[in-house]
Amino acid sequence: MLVLILCCIFHLSTHHTTTTTTTTNRSSTTTAGTAIRNLPGGTLHLPLHVAHGFVPTSHRPNRKKLINGYNGNVIIPFAKPPPTANFDLEAIEALEAELEYKEKLERMKNADQNTLQENMDSSQYKNEDDADEIWEYMTSNSQNVQLQSFQVSPTLHNHRLDAILSEMIPELSRSQCGSLISEGMVSLSTVQDQEYGREPTVTTRKSFKVGQGTMIQVKQVVETVPTEILAQNIPLDILYEDEHMIVLNKAAGMVVHPAVGNWDGTVVNALAYYLANESPFGSGEFISQDGKVKQPDATTTSRTGKVDSEGEAMVFRPGIVHRLDKGTTGILVVAKTKEALTLLSEAFANRQVKKTYVAVTVGNPGKRVVIDKPIGRHPIHRQRMRVVPNPGSSITRNGINKSAAQLGRNALSFVDTLAFDGKLSLAQVRIETGRTHQIRVHLQDRTTPIYGDDVYGFGDWNQRLAKSHGIQRPLLHAFKLELIHPVLGKKMTFRAPMAEDMIKIVRGIWPDGDTERPDLFQTTNVEME
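Residues numbered from 1 in each chain as written. Predicted model: local features only at pLDDT ≥ 70, side-chain atom pairs only at ≥ 80, totals over all residues. Heavy atoms only, no water.

Time to look at helix α14 (residues 459-469). Listed in full, the buried residues belonging to α14 are Trp461, Asn462 and Leu465. Viewed along the axis of α14, the buried residues span an arc of 100°, placing them on a single side of the element. Of the exposed residues in α14, the ones pointing more than 90 degrees away from its buried face are Gln463 and Lys467. Where α14 is buried, its residues contact β14 (354-362), β19 (424-431) and α15 (500-509). Just past α14, the residue Gly470 takes up positive phi, approximately 70°. (Buried < 20%, exposed > 50% of the residue type's maximum accessible area, 1.4 Å probe, protein only. Helix = DSSP H or I, 4+ residues; strand = E, 2+ residues; numbered from the N terminus. Arc of directions from axis to C-beta. Contact = heavy atoms within 4.5 Å.)

Structural data, given as structure tokens:
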């Protein structure tokens with residue numbers, strides 16, 4: 001900025017400099033903004049842009065006459081060269097760079113680990129110069145940083161850096177390894193660097209080809225994991241409870257159980273407080289009277305043990321049988337005893353539980369539609385799911401057997417539109433399987449995504465919903481659930497009314513909905529047979 005200001009001042013000072021110009025037959029004094037042409041009978045003053053050959057469009061028909069006429073005797077003098085600058089541009093640029101560097105370091109020193117991670121995710125730190133600074137900062141603040149070193153083997157010679165990291169750190173996906181590289185958390189030391197004692201070089205290129213013998217250093221921020229659940233007094237909408245289980249109508253924006261990024265404010269945090277302090281049926285076998293989760297003993301099964309099949313610590317999900325996405329509202333069943341947990345888990349796994357949802361969709365998905373398409377993880381965006389194309393063939397075009405992720409897992413949904421206003425629909429969806437994001441992915445594949453779904457929906461429609469109604473979540477609701485009570489053996493049917501934000505949108509689509517389907521809008525009694 002300083003260089004720009006000085007240059008502007010210098011330009012203005014030279015623009016008004018006068019100069020004395022002498023022609024062949026006569027002399028004249030003019031400003032630097034005027035050129036002189038020696039013509040028979042007098043002197044013609046031309047604007048400087050004409051003298052340089054830059055003539056406005058309206059003057060171009062006469063340009064040849066002006067420049068080449070009158071026997072071609074043309075003299076076009078120019079302003080004298082500008083004076084030599086009396087300041088050192090290199091010194092100023094160096095000063096600016098030093099100030100910018102100090103400001104960046106100061107921001108990084110004042111930031112905690114979470115702020116640093118957010119900054120690294122932004123475009124502010126995407127070049128390799130900034131990556132070097134991040135590496136230095138992480139080295140000097142290594143309290144929560146884990147450093148790993150690897151040497152590239154001959155079998156991985158000249159492979160991509162992200163591919164090598166995914167081989168060396170199997171617990172991380174290739175996408176996660178790529179993120180570490182982009183965030184400046186990976187440095188390289190070639191064989192020559194090691195021989196001459198040079199410092200490792202930070203790289204942000206995921207596609208960089210790494211040679212044999214290169215040392216790779218990886219730094220990861222280790223998040224502090226709490227050892228126990230914090231009981232929190234958060235209101236719960238309870239549909240049913242007894243000594244064996246509790247059924248809730250989960251609110252929007254609430255995560256089911258604590259995990260990375262959401263260690264509190266979850267359904268489990270709220271249940272820990274409620275069961276220990278307010279439940280008329282007791283706290284059950286997972287929560288103690290002080291609101292803490294009881295540690296599972298060594299005799300429990302894998303489902304109720306310390307770590308489940310997905311690698312999650314069970315201490316953070318006591319009694320959780322199934323889950324709903326953060327933005328999804330509706331029925332959630334939680335077991336209070338080990339027996340109930342085991343039996344309910346088996347019922348869900350064996351598809352003995354009937355689940356029905358309602359969703360507001362963009363467009364009309366149709367009446368009595370059956371969607372039988374397998375769902376697998378997206379090959380690039382690993383946090384997303386997709387309908388797997390060409391699931392019938394288990395062999396790729398190269399003759400290689402497809403992996404389980406490429407084949408996907410079978411997913412079956414039954415969709416029925418209840419109301420359609422020409423733009424939006426209220427659709428009822430019953431699912432036979434419980435794949436991750438199943439309803440959202442199936443409706444997206446039908447080009448009628450859920451209104452407000454920022455992952456699978458239409459961005460312009462989502463923006464309209466947020467601007468006009470302040471809603472920033474998928475309008476999806478787990479409306480109805482049918483199961484056999486795990487201990488009593490009776491068939492039970494639960495219904496949960498939609499959340500208020502969704503009711504507002506649905507009434508605009510279906511004005512008579514309250515009359516035709518009151519169970520969608522208000523609480524009803526639990527049915528037990």
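So, on to the environment of Gln463. Positionally, Gln463 belongs in helix α14. Classification of Gln463 by relative accessible area gives exposed; the value is 60%.

The next thing to look at is the pattern of salt bridges. Evaluated as defined, the whole model comprises 16 salt bridges. A salt bridge links Asp162 to Arg160, with the shortest nitrogen-to-oxygen separation between them at 2.9 Å. Of the residues examined, Asp162 reaches a relative accessible area of 5% and is grouped as buried. Arg160 sits in the partly exposed class, given a relative accessible area of 30%. Notably, a salt bridge pairs Asp416 with Lys367, separated by 3.4 Å at the nearest N-O pair. Taken together, the positions of Asp416 in strand β18 (residues 412-420) and Lys367 in the loop between β14 and β15 (369-372) put the pair 49 residues apart, joining distant regions of the chain. A relative accessible area of 48% places Lys367 in the partly exposed class. The network of salt bridges with shared partners includes Arg495, Arg517, Asp519 and Glu527. (Salt bridge = Lys/Arg side-chain N within 4 Å of Asp/Glu carboxyl O.)

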